[in-house]
2 protein chains.
Amino acid sequence: MTDARLETSPHETHGTRDRRQGGGARERRRAQRQAAAGGATSAPAYITRALPPYDILGEEGLARIEQAADRILAEVGIEFRGDPVALELFRRAGAKVQDLRCRFEPGMLREILKSAPAEFTQLARNPARSVQIGGTSTVFAPAYGSPFVMDLDKGRRYGTLEDFENFVKLAFMAPWLHHSGGTVCEPTDVPVNKRHLDMVHAHIRYSDKPFLGSVTAPERAEDSIAMARILFGPEVVERHCVIMGNVNVNSPLVWDGMMTGAIRAYAAANQGSVIVPFILGGAMGPVTTAGAIAQSLAETMVGCALAQLVRPGAPVIFGNFLSSMALRSGSPTFGTPEPAAGSLVVGQLARRLGLPLRCAGSFTTSKLPDAQAMQESVTSMLSAVHCGANFLLHSAGFLDGLLSMSYEKFMLDVDVCGALHSYLAGVAVDDNALALDAFAEVGPGNHFFGCAHTMANYETCFWDSQLADNDPFETWAENGGLDAAARANARWKAMLAAYEPPPLDPGIDEGLRDFIARKKASMEDAWY
Amino acid sequence: MTDARLETSPHETHGTRDRRQGGGARERRRAQRQAAAGGATSAPAYITRALPPYDILGEEGLARIEQAADRILAEVGIEFRGDPVALELFRRAGAKVQDLRCRFEPGMLREILKSAPAEFTQLARNPARSVQIGGTSTVFAPAYGSPFVMDLDKGRRYGTLEDFENFVKLAFMAPWLHHSGGTVCEPTDVPVNKRHLDMVHAHIRYSDKPFLGSVTAPERAEDSIAMARILFGPEVVERHCVIMGNVNVNSPLVWDGMMTGAIRAYAAANQGSVIVPFILGGAMGPVTTAGAIAQSLAETMVGCALAQLVRPGAPVIFGNFLSSMALRSGSPTFGTPEPAAGSLVVGQLARRLGLPLRCAGSFTTSKLPDAQAMQESVTSMLSAVHCGANFLLHSAGFLDGLLSMSYEKFMLDVDVCGALHSYLAGVAVDDNALALDAFAEVGPGNHFFGCAHTMANYETCFWDSQLADNDPFETWAENGGLDAAARANARWKAMLAAYEPPPLDPGIDEGLRDFIARKKASMEDAWY
């Protein structure tokens, strides 16, 4: 079904198929060498996974969750606040509208979603960085939305535009991140109503990877798309996805007009929307995982369907963000086992819908880039790649329940993203991998260090972390006995010091600056 | 097939079926409360997983690896050093023996392995602690074999008997470890030839969980079994598995007489052997994962078959320990992506053989209980539970490539083991989990905090970590701003301070002391 759809959707015609084999060992190794040298790299533009997703429920269990979602949609319904246009679109499509509440007959939304592409390409301004989203592709993007930033030298403080630019630069240089993300931290020194202009500009100036635009108001989404038109040209934007908005549901079961307005703006321009319910079990949804998933499925289907009603074929990503709660304190918890298992089910549901998936990321509640941070983050990150997520927002930097973007955690997470390139390549079983000649050559009791098979394969066989310390204890102690966070601290500083911007057409930059200047001049500063 | 075998093997008749449902939410929650109180707990004796294993290769790929193993066995063969008895056993069974080399026709070992039980029970001296090994059961045991121990106060030093006893006590109190393990650290203050006596005695005195005996020489295996006979009585030992040896292959393709002697000793007494090739890719095996797995399969089948030749039906565990190498330095690396993916294949192969599996654990090369340690450990530990491993040695404490047993890492890992209890329970999809009544009660835009469904489920719905800090940043800072390792440091000290030994029949302890005194008196001290 996926392949058949591919041929009919304009979003798949952009020629990135050749790069889809970019997850190969040789390219990974080249990228590793470049990462060791500290510079920007020509790592694969995205991962084409060989490892199959991890399916944990059978048909009956999945059908029960889908039926629960259908009942939530038909019996309880979704409320649309502040967006009569969205209500009217769904009313015309056959939903039952009563005041702000919209109820959907089972099957109605699935029918509408048939126009959504199963895969699409998001263009980057550097064509070699364009990413494929959906199918077997995996795209890593930095964390999104922290008001604070944090590093080992200065501790926690509010993020600034300088921090924002730093993270865009680091994500550009990080060989294992494929996407520049969106609000990598809040630049709190810029007025709220003007931030989006500087953020989109920073993504364009300091990186050549694909990026996200603003969603905090429909007009900010429009501004983001307008800037993309200056960068790519209006004809390209009309035909291809070049920018996306990451849109949150106001769970439970409410779509806010700000968010649906943003979805409508991106869809009308043929641009992408990531539709993400954030469900903290016990607060915005039930404490049981299956119920939270059913709710999430209902809410996401509505958001994705809205984009299709505005413009059939508009790219959408089925998003999900499950979280749990510390029930002694009521605090949110992240990287815990229930959402990790739940994500595997979400992946199965997204594949049954035939939509690209965003799910999980490097989640943690730790306040430091410590053992807890990586224990929780790896639990969550592996759930994302196991569930088959195609677009992984929050792949790097996430700390303190997303309140802080951490420079050191960012580097630690990027290293995990690198390891996942090797992991998702799966286990090859060709003749070279089976190494029968090596056994004949080496024989019992001898070592494989210098054998022909080792010499032919040693450069590409193992992931080579730039942050892990694998030295003997004595060597490690002589080198200062640093922990991983201290090594990460040295590394982000070295990377930023080595940063060089990718070339950008001066005419385009001038056009962007003019646009931003005019927009800013037209508004009073707003700080909330 | 597994069920049919179950009915024919004496090892499955021990009545533990009722406890196999012990992974339920209510029991987990009770154990969580007890863990919070810092005392020993009545957590489930082992996990009965609901989450299915993660299969990543299809029939063709698995068959290719099995055929490669068959060719290694038939064409290169296995060398037996220092054990003419083992050679003779295999010669009589049909293997081609030439000097020390033994070659096996394809299918021969699989035929022999048909007598091995697919599942068996290892009895604990406290019957409520007996563990089921195989099938859907998962058993966590501490790390094994470190010469050093480490804590944040005193740093790294050689392990002593006091450290050994401390780790046995901590494992006894840790609600999420099911097994006391074996050489939890080397008690280097005891002569090498007498250590096993004190180690087995410590497992018996300070814990009532099941444990491993010595394998470093056949007579030490015999001593371990003799002590088990004193504890359980000779009739019970004759009929049930009460002790196991963890036996390493001398990879590549060599079985050392010390190790095969230990296998023969345990098998002859109807006791268990864990057969484990440790393959560091590029040294003791090829650098490519599939080749290392084929070698491992060949080596393990030989060890398991030897036990069957000694005594058909003797319990064996199919073991595996894949590792990679930092090819710039030649240092071993742990918790890396290639072994993690490879473990998933090993799980599939073990299930095809119908044998219980030991695989992976909380591996890391980090020298501190830091971000690297938990990043690598969680990667490796999740590969173990995803691949369906039944017996997880190295579940807690592993640091510095197994050179150090860390007190703090032990506590961090135990917390992960706890989370895995919830994770392996999978995602329930019954009516309560789907929570449809809650949606009807709460409705759009309201929160679920106080709704009836939340009140009925909040105590059992989410894993409640004792080590993770989920508090707001300000609360965390007011409480000292500790990292996870510092919290773990406080926690192991509190646990040890609260330790109380489980009751032990004084007559049995006297018998053990007599046995140890006589054995020690019969030997000169040996220090290597």
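None of the values given here were measured: they were computed from a predicted structure. (Residues numbered from 1 in each chain as written. Chains lettered and ligands numbered in written order. Predicted model: local features only at pLDDT ≥ 70, side-chain atom pairs only at ≥ 80, totals over all residues. Heavy atoms only, no water.)

**What to know about the overall build of chain A**
Then step 1. Helix and strand counts for chain A come out as 20 helices and 19 strands.
Then step 2. A compact globule built from 528 residues should have a C-alpha radius of gyration of about 24 Å, and chain A, at 23 Å, falls within 12% of that.
Then step 3. The dimensions of chain A, computed from C-alpha atoms along their principal axes, are 75 × 55 × 50 Å.
Then step 4. Across the 528 residues that make up chain A, the buried fraction comes to 66%.
Then step 5. Taking the contacts inside chain A whose residues are at least 6 apart along the sequence as the reference set, 77% of them involve residues at least 24 apart.
Then step 6. In the structure as shown, chain A presents an accessible area of about 17000 Å², 52% of it carried by carbon and sulfur atoms.
Then step 7. Placing the 48 positive and 59 negative side-chain charges of chain A at their respective mean positions leaves the two points 4 Å apart. (Helix = DSSP H or I, 4+ residues; strand = E, 2+ residues; numbered from the N terminus. Rg over C-alpha atoms; globule rule 2.2 N^0.38 Å. Buried < 20%, exposed > 50% of the residue type's maximum accessible area, 1.4 Å probe, protein only. Contact = heavy atoms within 4.5 Å. Areas by Shrake-Rupley, 256 points an atom, 1.4 Å probe, with all protein chains shown as cover. Lys, Arg positive; Asp, Glu negative; His and termini not counted. Charge placed at Lys NZ, Arg CZ, Asp CG, Glu CD.)

**As for the sheet that holds strand E18 (residues 404-406) of chain B**
Residues and elements named next belong to chain B.
Then step 1. With mixed pairing, the 4 strands of this open sheet are ordered in space as E9-E8-E18-E17. With one partner strand each, in any of the chains shown, strand E9 (155-158) and strand E17 (398-399) form the two edges of the open sheet.
Then step 2. Sheet analysis places E17 next to E18, joined by 2 bridges and oriented antiparallel. For Leu 399, the partnering residue across the bridge sits in E18 and is Ser 404.
Then step 3. The strands that helix H14 (residues 407-423) touches are strand E8 (148-151), E9, E17 and E18; relative to E18, the one it contacts most, it runs at about 65°. (Pairing = 2+ DSSP bridges. Axes fitted to C-alpha atoms, helices over the stretch in contact; angles between N-to-C directions.)

**So, the layout of surface pockets**
All names here are of chain A.
Then step 1. Taken as a whole, the largest pocket encloses approximately 850 Å³ of empty space.
Then step 2. In this structure, the largest pocket is lined by 39 residues; those nearest its centre are Tyr 144, Gly 145, Glu 186, Asn 248 and Leu 402.
Then step 3. Mapped onto the lining of the largest pocket, the elements with two or more residues apiece are helix H7 (195-206), strand E10 (212-213), strand E11 (244-249), strand E13 (272-280) and strand E15 (331-333).
Then step 4. Ranked by residue count, the leading element in the lining of the largest pocket is H7, at 5 residues.
Then step 5. Each residue belonging to the lining of the largest pocket can be placed in one class, and the counts come to 17 nonpolar, 15 polar and 7 charged. (1 Å grid on protein atoms, 1.4 Å probe; cavity = no way out; pocket = protein on both sides within 12 Å on 5 of 7 lines; lining within 4 Å. Points joined across faces, edges and corners; volume = space filled by probe spheres on them. Nonpolar A, V, L, I, M, F, W, Y, C, P; charged D, E, K, R; others polar.)

**Regarding the packing of aromatic side chains**
Then step 1. Tallied over the full model, the rule gives 37 aromatic pairs over all chains.
Then step 2. Here the guanidinium or amino end of B:Arg156 rests over the ring plane of A:Phe473, the centre of that ring lying 3.8 Å away.
Then step 3. Directly above the aromatic system of B:Tyr206 lies the positively charged group of B:Lys169, at a separation of 4.9 Å from the ring centroid. (Phe/Tyr/Trp six-rings, centres within 6.5 Å; stacked < 30°, edge-to-face > 60°. Lys NZ or Arg CZ within 6 Å of the ring centre and 35° of its normal.)

**What to know about the sheet that holds strand E18 (residues 398-399) of chain A**
All names here are of chain A.
Then step 1. If you trace the 4 strands from one edge of the open sheet to the other, you get E9-E8-E19-E18, paired in mixed fashion. In this open sheet, the two edge strands, each paired with only one partner strand, are strand E9 (155-158) and E18.
Then step 2. Note: strand E8 (residues 148-151) against strand E19 (residues 404-406), 3 bridges, orientation parallel. Along E19, the bridge assignment pairs Phe 148 with Ser 404.
Then step 3. Docked against the sheet, helix H14 (residues 407-423) engages E8, E9, E18 and E19, running at close to 65° with respect to E19.

**As for the pairing of strand E14 (residues 316-326) of chain A**
Residues and elements named next belong to chain A.
Then step 1. Across the 11 residues that make up E14, a large majority, 11, are buried.
Then step 2. Burial along E14 is two-sided: Val 316, Phe 318, Asn 320, Leu 322, Ser 324 and Ala 326 facing one way and Ile 317, Gly 319, Phe 321, Ser 323 and Met 325 facing the other are all buried.
Then step 3. The pairing of E13 with E14 spans 6 bridges and is classified as parallel. The residue of E14 that forms the bridge with Leu 280 is Ser 323.
Then step 4. In this fold, E13 hands off to helix H11 (residues 289-310), which returns the chain to E14; that crossover is right-handed. (Right-handed = clockwise from strand over helix to strand, strands pointing away.)

**Observations concerning empty space enclosed by the protein**
Then step 1. Taken as a whole and judged by the stated rule, the model has 18 cavities of 30 Å³ or more.
Then step 2. In terms of lining, the largest cavity is formed by 22 residues, of which the most central are A:Ala419, A:Trp463, B:Gly335, B:Pro337 and B:Gln375.
Then step 3. Residue assignment for the lining of the largest cavity shows that the elements contributing at least two residues are helix H13 (371-386) and H14 of chain A together with strand E13 (316-326) and helix H13 (371-386) of chain B.
Then step 4. With 5 residues, the single largest contributor to the lining of the largest cavity is H14(A).
Then step 5. Broken down by class, the residue content of the lining of the largest cavity amounts to 12 nonpolar, 7 polar and 3 charged.

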